[in-house]
Amino acid sequence: MIELKWNKDADTAIKQIHDRKYPEALKGFCGEVILVGINYDKDAEPGKRKHNCKIEKISL
């Protein structure tokens, strides 16, 4: 599962996945799921834009 954010942080993206219970959409799936939160700094000037990413593995 991937959540993208602009001008926030990758932790906020992962928190949203948990808060909104996105993994529940996979009920019945047995195994591991990879959660990915990506943030992109869109307000920085071109050539200086950065992104950050957080990856978390959960078991269902």
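In what follows, the structure referred to is the one given above.
Residues numbered from 1 in each chain as written. Predicted model: local features only at pLDDT ≥ 70, side-chain atom pairs only at ≥ 80, totals over all residues. Heavy atoms only, no water.

Draft legend 1. Geometry of the nonpolar core. Counting five residues, the largest nonpolar core consists of Ile14, Ile17, Val33, Leu35 and Ile58. Elements represented by at least two residues in this core include exactly α1 (10-19) and β2 (32-40). When sequence neighbours within four positions are dropped, the list of residues in contact with isoleucine 17 reads Met1, Glu3, Tyr22, Pro23, Leu35 and Val36. (Core = buried A, V, L, I, M, F, W, Y, C linked by side-chain atoms within 4.5 Å. Buried < 20%, exposed > 50% of the residue type's maximum accessible area, 1.4 Å probe, protein only. Helix = DSSP H or I, 4+ residues; strand = E, 2+ residues; numbered from the N terminus. Contact = heavy atoms within 4.5 Å.)

Draft legend 2. Molecular detail of a nonpolar patch on the surface. On the surface, a cluster of nonpolar side chains totalling about 240 Å² of accessible area is made up of Leu26, Phe29 and Leu60. Tracing the backbone through its elements, the reader meets leucine 26 in the loop between α1 and β2. (Patch = residues over 30% accessible without salt bridge, like charges linked within 9 Å, V, L, I, M, F, W, Y side chains within 5 Å. Areas by Shrake-Rupley, 256 points an atom, 1.4 Å probe, with all protein chains shown as cover. Salt bridge = Lys/Arg side-chain N within 4 Å of Asp/Glu carboxyl O.)

That's the geometry; what it means functionally is another story.
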